[in-house]
Amino acid sequence: MATSDGFPASFYGEPGVLGMLSNGISAFLVLLQNFNTARTGDAPVGVENILAGVHLILIGGICQLVAGLLSFRKYDHLSATAFIGYAALWGSYGATRIYFGALPQTLTTASVLSNSSVSMNMTSNMFLNASTETPLCPLCLSIRESAIAGLVPYILLSFLLAFCSATVNYIMPFVFGAITATLVFEAVVLVSGSWALVVAGVLELLILIFAIYGSAALLVKGLTQRLVLKGFGTPLFNVLLLGTANSASAQSMGQEKKKNTKYAEPMALGFFCDSVAPFIFAFYSFGYMKSFGLGVAWVSIISVAQLFSSYYAHLRQDCYHTTKFGFHATYWLIKAWDEFVVSALIVEDSKVVSGREAMVGNWFFVVAGLVLCVGSLNMDVLELVHNVLFVLLTVSTVPQIPPQGYYIFFGVASSLFTAASIYGTFSRLINTIAEKSLIPVGPQPVSTEQLKKALKCRRSKQGDQKVMLQTDQASDALFYLSNGVASLSALHSNVSSMNPALLHLSVPWVLISGAIIQAYVSRLQVTGGGRFGSVISSIYVGIWAAWTWFRFAGDLLQFSTETAYGFTAGAVALLVINASLMLTAAYRNLVLLFLTAVMEVVLVCFLLSTLQRLPYELEMAMLALVSVLCIYGALASLLSCIFSQRLLPMGPPLIKEKVKRETSPESPCPVANSRLTSGLLKIAGVLEEGGVCGIPTDTVYALAASCKNPQAIEKIYNIKDRPAEKPICICISSVEQLVAANPPFSPLLWEFMRNVYPGGISCIVSKGDWLFRLGVGPAYDRVGTKDSIMIRVPDHTVTGHLCHITGPLAITSANPSGEADSTHHSMVINRLGHKIQGVLCDGDSNEVIASTVVNCLRIDEGKTRDWSHHTPFLVYFALSNSSPLLLSLQEPSAL
């Protein structure tokens, strides 16, 4: 469609203003303390640290997170990745400052303040005038080393962001480059003294200056809809110089992008997060950090950022990355808090070894990693290698590995995984900016047909396939995985329930996967639109939380008999509720029904444990069975969502709804079949008589009115509640119609149109008398603006024939103003059928967003501008045989 109306990006202004100001203000707060520390030699302590940390979390963390989330909705790949990544950085700094401020002042001044100043003035200012003689609590060890371990991956990733941003404009490279240099000198402060504080402060001042200018440029651009201040709209270099597109990979990318281009691609952010967490673990595993007290904050925050990448993959209907990034975040959170427990609560190595030997939950991660490997066979080589390295990583943390080699193996695996993730971050960013596969990611390992043939166990009837897939959700695989981790992690508690180390270590494994991540899954299922929403996952959040509290924390806290009876009552209530969930699962599939049935037995065991009558063998068998069902359910759900086809059987619904075969209610407006000539002529007749109709296009459905009837165009504004200041474009059948009207277009504009038409491009050109020759005539003053008009030539046979019959049509997206586009004729009928005079039914639309609007008023200067997302675009041309040829339409500014 030719308008951005209905596409969310047009309603989110310029989030880059908020993102860059957040970086600038946070850097300003840090430089003030850096300069003060360098001048006085006094490091901030106590409340001063806590307040500084709170400000950094609120401004650099939360505000920038909002900017990143809005950038996702503006289809802005680079800004979304950068702002959420930097939000994690500032949030980690803020948490570190609060950590320092909360420590006893004697510890802070005696030992935490050892040699230099706080990283980004958060850790480095704490290390001056240290005395190593004061005994420390375990959490106070390795403060400086932990900060360096967190800084180094952000330095590498910030450099990549600066480089990638140079392909879109020349403001963001300076902002991100200054952040990179600042992080380098803050790391230097931690190892060599306070001399680098001044250098870091100067660089932070540059961040502030660049951020203010960039924010001003974006703010003026958003207000004026013009690039008044320089910096955006022109890249430092063309991204196409980085390589030649790989056709196979490009095709694979194109297939994925067609699913949902309403939100930016979250893959780069997911790889970004997969770079930071394992890097910190590598430092810890190789002995550089003696305690994980501070590292847990850094890993937890970056894991939350990875959940956002999973969330936006879910909004893009990308079940594979929803599952992958959500599962990786689960692993990082569990491992971080596992090591935190080891550092803070279990200080004796012998107790750690004895506690971990009885744990088997990590084996589920190994098997689940293999499931992701199977899912990535349909992607590219990079995805497959990344998943194989994740499997290696999970194997390295199997607790049964001898303690002498455990951390060495873990460190090596983390290093390899970090290297692959950094490459993945760079390749995904560049390829999404260029919308071509410029950085090699490898071909698809196994063809789709071969994979289907290998995995398909049986052929279901077409009707059964449709019924089963209608009940599936993109988050189902993550639901099974989170429950599988929780159940297998809970199993080990039965071996030695009186071992305090085992009980301590069990808490993060069951609580994070079964309660915290499953609460996130329930949120996904609410937005997934499933019939039963998040009922099952929400209840299971309560089950695993209660399990953790009573079975693990209960022994540690030595609950009284009266307290145990309270859990008895709760267990009875959960038994009754789960029985109703079994009925719900019967409407889905047999795998889910079996899972809820086994969970009923598990709850019986939980009830008996509150009465001190637990049958350990039965509970162990049931928990193991839950994990097996979850692995199979995750694999089957993942493959079903990837291929939109049931490859592995999950069983039909045990209870099927009886569909009432009644006569469908009369449509609120006349409808016609686009595949019938009579249907096309029927809609054409309605348009000729002054009606407004819904019609299909090569993007989304549109409302159309004949240019021969100006009053019909006025109806469109009332039908949509469309603001009067928003112009409407015209749609014609072919470029030859324009040639016949003889508009005064330059040769360059003609060449551009012949390259992009027919297609999902809307060109803004100057108005003139040629519109009367085109057939616009009476509608001249009601389409476009006073001086310009937007033209569409859809790549759609039905629409082309319709325009050939009726002449030029005035069109706009078929949705109430401010709402999502209509991607099926039923959406047009349900939302606007009572207001319009007909709908030409053509099934699902080819795309899910409106067309790209290109301002061609300045095309003779060698560039155009895309206003559909309020984002400048460049069109690069090359002369060949004295004829300009369109090379690419690319996004040079993600802001």
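All values reported here derive from a predicted model rather than from experimental measurement.

Undergrad: With reference to specific residues and values, describe the overall build of the protein.
TA: Each helix and strand counted, the protein has 30 helices and 12 strands in total. The buried share of the protein, taken over its 895 residues, is 61%. Within the protein, counting contacts between residues at least 6 apart in sequence, those at least 24 apart form 76% of the total.

Undergrad: Explain the side chain of Thr37 residue by residue, including any values.
TA: Of note, Thr37 is situated in helix H1 (residues 15–40). By relative accessible area, which is 3% here, Thr37 ends up buried. At 2.8 Å, the side chain of Thr37 forms a polar contact with the backbone oxygen of Gln33.

Undergrad: Pulling in residues and values, what's your account of the pattern of salt bridges?
TA: Overall, the coordinates contain 11 salt bridges when judged by the stated rule. Residue Glu265 is joined to Arg316 by a salt bridge in which the shortest nitrogen-to-oxygen separation is 4.0 Å. Remark: Arg316 occurs in the loop between helix H10 (295–315) and helix H11 (319–344) and Glu265 occurs in the loop between helix H8 (247–257) and helix H9 (267–285); sequence separation between them is 51 residues. The exposure class assigned to Glu265 is buried, which follows from its relative accessible area of 4%. The class of Arg316 is buried, set by a relative accessible area of 0%.

Undergrad: Quick rundown of the side chain of Thr432? Include the residues and the values.
TA: Looking at where Thr432 falls in the secondary structure, it is placed in helix H15 (residues 403–434). In this structure Thr432 comes out as buried when scored by relative accessible area, which is 6%. Among the polar contacts listed, one links the side chain of Thr432 to the backbone oxygen of Leu429, at a separation of 2.9 Å. With near-sequence residues (within four places) excluded, Thr432 lies in contact with His77 and Glu265.

Undergrad: Account for unusual backbone geometry, naming residues and giving values.
TA: In this structure, Pro758 follows Tyr757 across a cis peptide bond, with omega equal to -5°. For Pro758, the location among the structural elements is in the loop between helix H27 (747–756) and strand S5 (761–766). The residue Gln317 is not glycine, and still its phi comes out positive at about 60°. Here Gln317 is to be found in the loop between H10 and H11. Not every positive phi belongs to a glycine, and Asn742 is a case in point at roughly 55°. Mapped onto the elements of the fold, Asn742 is located in the loop between helix H26 (735–741) and H27. A relative accessible area of 56% means that Asn742 is categorised as exposed.

Undergrad: Tell me about the state of the cysteines, and please be specific about residues and values.
TA: Enumeration over the complete set of coordinates arrives at 0 disulfides. We note that Cys669 lacks a disulfide partner, and the nearest cysteine sulfur, in Cys841, lies 7.9 Å from it. On the basis of relative accessibility, which here comes to 5%, the residue Cys669 falls in the buried class. Cys803 provides the cysteine sulfur closest to Cys731, a residue in no disulfide bond, and the two sulfurs are 3.5 Å apart. Look at Cys731 and you get buried, because its relative accessible area is 0%.

Undergrad: Give a detailed account of a nonpolar patch on the surface, specifying residues and quantitative values.
TA: Taken together, the side chains of Phe35, Val198, Val202, Leu205, Leu206 and Ile209 define a hydrophobic patch exposed on the protein surface, amounting to about 440 Å² of accessible area. The dominant element in the nonpolar patch, judged by the number of residues it contributes, is helix H7 (residues 196–224), at 5 residues. Relative to the helices and strands, Ile209 is located in helix H7.

Undergrad: Can you explain the packing of aromatic side chains? Please cite residues and give values.
TA: Two aromatic rings are characterised by how far apart their centres lie and by the angle between their planes. All told, the structure shown has 37 aromatic pairs when counted by the stated rule. Relative to Phe176, the ring of Tyr86 has its centre 5.3 Å away and its plane inclined at 50°; by these criteria the two rings are tilted. Taken together, the positions of Tyr86 in helix H3 (residues 77–102) and Phe176 in helix H6 (residues 172–192) put the pair 90 residues apart, joining distant regions of the chain. Their ring planes at 55° and their centres at 6.1 Å tell us that Tyr154 and Trp298 sit as a pair that is tilted. In this pair, Tyr154 sits in helix H5 (residues 143–165) while Trp298 sits in helix H10, placing the two residues 144 residues apart along the sequence.

Undergrad: An account of the pairing of strand S3 (residues 702–706) is needed here, citing residue identities and associated values.
TA: Summarising burial for S3: 5 of the 5 residues are buried, a large majority. Across the two faces of S3 the burial is the same, with Ala702, Ala704 and Ser706 and Leu703 and Ala705 all buried. Pairing geometry for strand S2 (residues 693–695) and S3, over 3 bridges, is antiparallel. Across the sheet, residue Cys693 finds its bridge partner in S3, namely Ala704. The turn joining S2 and S3, which pair antiparallel and follow one another in sequence, is formed by 6 residues. Relative to strand S7 (residues 809–813), S3 is paired through 5 bridges, and the arrangement is antiparallel. The residue of S7 that forms the bridge with Ala702 is Ser813.

Undergrad: Provide a residue-level description of helix H24 (residues 677–688), including the pertinent values.
TA: Taking 1.5 Å per residue, 12 residues should reach 16 Å; H24 reaches 16 Å between its end C-alpha atoms and fits that length. Among the residues of H24, those classed as buried are Gly679, Leu680, Ile683, Ala684, Val686 and Leu687. Summarising the axial view, the buried residues of H24 lie within an arc of 160°, below the 170-degree limit, and thus occupy one face. Among the exposed residues of H24, those oriented more than 90 degrees off its buried face are Thr677 and Ser678.

Undergrad: Can you lay out the confidence of the model for the protein for me, pointing to particular residues and giving the numbers?
TA: Confidence along the protein averages 80 in pLDDT terms, with 81% of residues attaining 70 or more. Element-level pLDDT for the protein is lowest in strand S11 (residues 874–880), with a mean of 35, against a maximum mean of 95 in helix H14 (residues 381–396). Confidence drops under a pLDDT of 50 for residues 1–12, and excluding neighbours within four residues, the segment shows 56 contacts in the predicted structure. Long-range and interchain partners of residues 458–470, a stretch whose pLDDT sits below 50, account for 16 contacts in this model, where long-range means more than four residues apart.

Undergrad: Tell me about the environment of Ala705, and please be specific about residues and values.
TA: If you trace the backbone, Ala705 turns up in strand S3. Spatially, the C-alpha atoms of Ala705 and Lys715 are 8.7 Å apart, while their sequence positions differ by 10 residues. Sequence-distant contacts of Ala705, that is, excluding residues within four places in its chain, are made with Leu687, Gly691, Val692, Ala712, Ile713, Ile716, Leu809 and Ala810.

Undergrad: So what's going on with the packing of H11 against helix H23 (residues 616–643)? Residues and values would help.
TA: Close contact between H11 and H23 brings their axes to 8 Å; oriented N to C, the two are set at 140°. Taken together, the residues of H23 that come into contact with H11 (itself represented by Cys319, Tyr320 and Thr323) are Leu638, Cys641 and Ile642. Grouping the amino acids of the contact of H11 with H23 by side-chain chemistry returns 5 nonpolar, 1 polar and no charged.

Undergrad: Describe the environment of Cys63, listing the residues and the values that go with them.
TA: Within the secondary structure, Cys63 sits in helix H2 (residues 47–73). In this structure the C-alpha to C-alpha distance between Cys63 and Ile84, which are 21 residues apart in sequence, comes to 9.8 Å.

Undergrad: Go over the packing of H1 against H2, please, and point to the residues and values.
TA: In a pair of packed helices, the angle between the axes and the distance between the axes together describe the arrangement. Two elements in contact, H1 and H2, have axes whose closest approach is 7 Å; the angle formed by their N-to-C orientations is 160°. Judged by the angle between their axes, H1 and H2 are roughly antiparallel. Taken as a pair, H1 and H2 cross one another with a handedness that is left-handed. In contact with Pro15, Leu18, Gly19, Ser22, Asn23, Ile25, Ser26, Leu29, Val30 and Gln33 of H1, H2 contributes Glu48, Ala52, His55, Leu56, Ile59, Gly60, Cys63, Gln64, Val66, Ala67, Leu70 and Ser71. Partitioning the contact of H1 with H2 into residue classes produces 12 nonpolar, 9 polar and 1 charged.

Undergrad: I'd like a description of H15, backed by residues and values.
TA: What sets the pattern is the α-helix's 3.6 residues per turn: residues three or four places apart point alike. With 32 residues, H15 should reach 46 Å at 1.5 Å per residue; the first-to-last C-alpha distance of 47 Å fits that figure. With its phi angle positive at about 55°, Glu435 sits one or two positions after the end of H15.

Undergrad: So, the pairing of strand S6 (residues 788–792): which residues are in play, and what are the values?
TA: With 5 of its 5 residues buried, S6 lies for the most part within the structure. The two faces of S6 match: Ser788, Met790 and Arg792 on one face and Ile789 and Ile791 on the other face are all buried. Across 2 bridges, strand S4 (residues 729–731) lies against S6 in parallel orientation. Its bridge partner lying in S6, Ile730 is registered against Ile791. Pairing between S5 and S6: 5 bridges, direction antiparallel. Along S6, the bridge assignment pairs Ser762 with Arg792.

Criteria and thresholds
Residues numbered from 1 in each chain as written. Predicted model: local features only at pLDDT ≥ 70, side-chain atom pairs only at ≥ 80, totals over all residues. Heavy atoms only, no water. Helix = DSSP H or I, 4+ residues; strand = E, 2+ residues; numbered from the N terminus. Buried < 20%, exposed > 50% of the residue type's maximum accessible area, 1.4 Å probe, protein only. Contact = heavy atoms within 4.5 Å. Polar contact = N/O pair within 3.5 Å; in protein donor to acceptor, adjacent residues only side chain to side chain. Salt bridge = Lys/Arg side-chain N within 4 Å of Asp/Glu carboxyl O. Disulfide = S-S within 2.5 Å. Patch = residues over 30% accessible without salt bridge, like charges linked within 9 Å, V, L, I, M, F, W, Y side chains within 5 Å. Areas by Shrake-Rupley, 256 points an atom, 1.4 Å probe, with all protein chains shown as cover. Phe/Tyr/Trp six-rings, centres within 6.5 Å; stacked < 30°, edge-to-face > 60°. Pairing = 2+ DSSP bridges. Expected span 1.5 Å × (residues − 1). Arc of directions from axis to C-beta. pLDDT = per-residue confidence, 0-100. Axes fitted to C-alpha atoms, helices over the stretch in contact; angles between N-to-C directions. Nonpolar A, V, L, I, M, F, W, Y, C, P; charged D, E, K, R; others polar. Parallel < 35°, antiparallel > 145°, perpendicular 65-115°, else oblique. Left-handed = near helix turned anticlockwise from the far one by under 90°.

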